[in-house]
Amino acid sequence: PVRSGEEVLKSDGRFKRVADPSLGEDGGVREGWQEAMRRQMAFAVSRGEAQVVMMFSREDCPDCDRQLEVVRRAMLSRAGIERNG
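In what follows, the accompanying structure is described. Everything quoted here is computed from the prediction, not taken from an experiment.

### Notes on helix H1 (residues 33-47)
Over its 15 residues, H1 extends 21 Å from the first C-alpha to the last, a length consistent with the 21 Å expected when each residue adds 1.5 Å. Two residues or fewer after H1 comes Gly48, characterised by a positive phi angle close to 70°.

### What to know about the pairing of strand E1 (residues 6-9)
As paired strands, E1 and strand E2 (residues 15-18) are joined by four bridges and run antiparallel to one another. Each residue of the ladder has a partner; that of Val8, found in E2, is Lys16. The turn joining E1 and E2, which pair antiparallel and follow one another in sequence, is formed by five residues; a positive phi near 90° is taken by Gly13.

### Some thoughts on the pattern of salt bridges
Applying the stated rule across the entire model yields seven salt bridges. Across the pair Glu35 and Arg39 runs a salt bridge whose closest N-O atoms are separated by 3.8 Å. With Glu35 and Arg39 both in helix H1, this residue pair falls four residues apart, about one helical turn. The exposure class assigned to Glu35 is partly exposed, which follows from its relative accessible area of 36%. Look at Arg39 and you get partly exposed, because its relative accessible area is 46%. Notably, a salt bridge pairs Asp63 with Arg66, separated by 2.2 Å at the nearest N-O pair. Here Asp63 pairs with Arg66, and both are found in helix H2 (residues 62-79), just three residues apart, close to one helical turn. With respect to burial, Asp63 and Arg66 carry one shared label: exposed. One salt-bridge network, in which partners are shared between bridges, spans Glu7, Arg17, Glu69 and Arg72.

Calculation notes
Residues numbered from 1 in each chain as written. Predicted model: local features only at pLDDT ≥ 70, side-chain atom pairs only at ≥ 80, totals over all residues. Heavy atoms only, no water. Helix = DSSP H or I, 4+ residues; strand = E, 2+ residues; numbered from the N terminus. Expected span 1.5 Å × (residues − 1). Pairing = 2+ DSSP bridges. Salt bridge = Lys/Arg side-chain N within 4 Å of Asp/Glu carboxyl O. Buried < 20%, exposed > 50% of the residue type's maximum accessible area, 1.4 Å probe, protein only.

Read these as spatial facts, not as claims about activity.
Next up, the structure:
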């Protein structure tokens, strides 16, 4: 499973973690992905139309899992999607 990457909100309200969004959902990672990510984040922030949140966590961390759910709920709310449960 992908442990790092971009948490992508799909049109059906589900989330998928993608290692390198520029290669699509099932792509791997390309050379220079770190610099591309930095540029994309800077561009998003500079336009003022997107929020960028970086989250560092560790495997098997209950607090990290709860924080991820908080971030996901915020993404759903920002997108105007309601999710029960």
